[in-house]
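In case you want the letters, here they are:
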Amino acid sequence: MSRVSALAHVEAMATMTAVPLTRFRHRRLSERPLVVVPLTMAGEAGTPVSVLVGDAKRSPTLLVVGQPRDRNQRIAFAAEFGRIVLDYLNSFRLNRREIPSRSKEKSSRYCNAPQLIVPNPGGIRVLADLGRICRFRRTTGPYPVPAVVPESGMWLTFLAESAEQAGTSMLVVATDLLAEHWATGQSALEDRNLASLLAWIAPPAGVTVEQALADAENPTVCPPAGPSTSPEFDNTYLAPAIKRADAARAAGDERAAAATHAELRDLLNDQMKPTWRMMWTAVSLLRGVPEAPRAAARFDGDCASFTAYSDYQDTGTALPQPKRDNAIAAARRLSRLERALADLETDMALDDPFVLADRRSVGEAFAGEVVAAEPDRFVTTEKNSRVRRPLITVRTLDPTRLADGISLVSPSMPKGHKATIISTERDDDASLVTIEITGGMGGGRIPKAGTIPVHGQYLKYLPAPGWRPIPVFPDRGHTPWTHSTAEPGPETADADAAEEWGDDA
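Note that the coordinates shown come from a computational prediction; the quantities given were computed from them, not determined experimentally.

### Considering the overall build of the protein chain
In step 1: Within the protein chain, the regular secondary structure consists of 13 helices and 17 strands.
In step 2: On the principal axes, the C-alpha backbone points of the protein chain span a range of 90 × 60 × 45 Å.
In step 3: Looking at the protein chain as a whole, 46% of its 505 residues qualify as buried.
In step 4: Counting contacts in the protein chain only where the partners sit at least 6 residues apart, residues at least 24 apart contribute 69% of the total.
In step 5: Put simply, the protein chain shows about 25,500 Å² of open surface, and 53% of that area lies on carbon and sulfur atoms.
In step 6: One finds the centroid of the 58 positive side-chain charges in the protein chain at a distance of 6 Å from the centroid of its 62 negative side-chain charges.

### Thoughts on the confidence of the model for the protein chain
In step 1: Residues of the protein chain with pLDDT of at least 70 account for 92%, and the chain-wide mean is 88.
In step 2: Model confidence for the protein chain, summarised as mean pLDDT per element, is weakest for helix 13 (residues 490-496) at 49 and strongest for strand 7 (residues 116-118) at 97.
In step 3: Of the regions scoring below 50 in pLDDT, residues 490-494 engages in five contacts with residues more than four places distant in sequence or in other chains.

### Regarding the side chain of serine 5
In step 1: Relative to the assigned elements, serine 5 resides in helix 1 (residues 3-15).
In step 2: Side-chain polar atoms of serine 5 contact the side chain of aspartate 358, separated by 3.0 Å.
In step 3: In contact with serine 5, other than residues within four places in its own chain, are Leu21 and Asp358.

### So, the pairing of strand 16 (residues 430-439)
In step 1: In terms of burial, strand 16 is a largely internal element, eight of the ten residues being buried.
In step 2: The pairing of strand 15 (residues 418-427) with strand 16 spans nine bridges and is antiparallel. Bridging from a neighbouring strand, threonine 424 pairs with valine 433 of strand 16.
In step 3: Between the end of strand 15 and the start of strand 16, which pair antiparallel, lie two residues, with aspartate 428 showing a positive phi angle near 55 degrees.

### Things to note about the pattern of salt bridges
In step 1: Across all of its chains, the model carries 20 salt bridges by this definition.
In step 2: Here aspartate 246 makes a salt bridge to arginine 249, at a shortest N to O gap of 2.4 Å. With aspartate 246 and arginine 249 both in helix 8 (residues 231-250) and three residues apart, this pair spans about one turn of that helix.
In step 3: Exposure remark for aspartate 246: the relative accessible area of 25% places this residue in the partly exposed category.
In step 4: Where arginine 359 meets glutamate 364, a salt bridge forms, and the shortest distance between an N and an O atom there is 3.4 Å.

### A word on the pairing of strand 2 (residues 34-40)
In step 1: With respect to burial, strand 2 is a largely interior element, seven of its seven residues being buried.
In step 2: Residue alternation in strand 2 divides its side chains into two sets, Leu34, Val36, Pro38 and Thr40 and Val35, Val37 and Leu39, and both sets are buried.
In step 3: Alignment of strand 2 against strand 3 (residues 48-54), held across six bridges, turns out to be antiparallel. Note that in strand 3 the partner of valine 37 across the bridge is leucine 52.

### Some words on the packing of helix 8 against helix 9 (residues 254-287)
In step 1: Closest axis-to-axis distance for the helix 8/helix 9 pair is 8 Å, and the angle between their directions is 160 degrees. Considered as vectors, helix 8 and helix 9 are oriented roughly antiparallel to each other. Between helix 8 and helix 9 lies a crossing of left-handed hand. Between helix 8 and helix 9, the contacting residues are Phe233, Tyr237, Leu238, Ala241, Ile242, Arg244, Ala245, Ala248 and Arg249 on the first element and Ala256, Ala257, Thr260, Glu263, Leu264, Leu267, Leu268 and Gln271 on the second.

Calculation criteria
- Residues numbered from 1 in each chain as written.
- Predicted model: local features only at pLDDT ≥ 70, side-chain atom pairs only at ≥ 80, totals over all residues.
- Heavy atoms only, no water.
- Helix = DSSP H or I, 4+ residues; strand = E, 2+ residues; numbered from the N terminus.
- Buried < 20%, exposed > 50% of the residue type's maximum accessible area, 1.4 Å probe, protein only.
- Contact = heavy atoms within 4.5 Å.
- Areas by Shrake-Rupley, 256 points an atom, 1.4 Å probe, with all protein chains shown as cover.
- Lys, Arg positive; Asp, Glu negative; His and termini not counted.
- Charge placed at Lys NZ, Arg CZ, Asp CG, Glu CD.
- pLDDT = per-residue confidence, 0-100.
- Polar contact = N/O pair within 3.5 Å; in protein donor to acceptor, adjacent residues only side chain to side chain.
- Pairing = 2+ DSSP bridges.
- Salt bridge = Lys/Arg side-chain N within 4 Å of Asp/Glu carboxyl O.
- Axes fitted to C-alpha atoms, helices over the stretch in contact; angles between N-to-C directions.
- Parallel < 35°, antiparallel > 145°, perpendicular 65-115°, else oblique.
- Left-handed = near helix turned anticlockwise from the far one by under 90°.

Next comes the structure, spelled out in structure tokens:
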């Protein structure tokens, strides 16, 4: 935690109210998000109990598994939930727009992308587990399942994998979005509790933050947001209700079975409704935060990713994602995630002065006044051509921990401005950073006005996200035998289909 973040948390604790950490919301918030509140059995990964899902506050759909250990009921639940998710996803697969390109081949992508919101990080794990279990199921042969089950499983896996990448907005966590913008007086672990987080940000009318926090810790007043229920609720209410439903089904009494199932639905509905209301409160609060300028470009990346996977599904030959990546795929994924995180951190600092101040406090950026400038400096390149490379010296009081040779970008200069650190020297309590301007001056012999810093100008700099070299990975055929794995195919899917849920009748 940086000094600026720590100060914000201390201020929140002193004033007993949340303090903004950012000026903008750095994620796209859909006009019609699909809110998903899942509950699972404690101790059994991927075994659903119920889910409350919908894209409108006043019309949620409650799905309940009468006996979570019964395979047929789990499959029926997965099929019904899958239909809701696919209907929502397909509503974004209607309108496409052409992408300008210099090549002769025309390309297009969908104009919009879906967005699922879950209460906490555990919700993503539930969807990932459900996707992993469903995507390997077979629609033919022994123990067939409806076609919607494997298809929705592949989509849930796609969304869960997209959530791993920083800056994406197709599957997001409500507590993460709130904690990204507001600092509270509690720990990061406590910030994963949606009720306590909202108690700091927007306590109910007429209720103090202290009272709201006490209510958030009381499972009777404010049930847990999942994915696991409280042990007291399980032992006192849920387990007996499931036993009564089992007994009614075993006795063959249809009227009693319907009554016990309705009782179970009402019980779970009362348990989940408070979280449902809090989710839409969180959405309303986030809508009140202005969106960062560069969030639109990241959303275009979501649209491109959504279009690519949609087109792959439309080929009719789509295979389920493997249970684990091979060595090359894992390395590429790690490289992509690292680069996406670096891009997001830079975009946030360029857009948001609060974020930039946070990075300055830990030496990951700096700001200061230009105390020396050589605007007419030229150098001779390896190709024996002379190019303009102005030098400036910035005096900064910020801690500077950036190495020589690092490429820089600046929110203080026009778009396209590029620079490189030449050297850093101490000057009493300050630092003198010598910087070479390498780009963004225009293509003519005379640079555009305002593209070269002048003496006395106040500048802000931070590392460019792309200064790290892009790694080159070998083809799959050149992978050492120690890192080789079997190609994914129908045989792999058959073996994986008997995963956690099994093929027991």
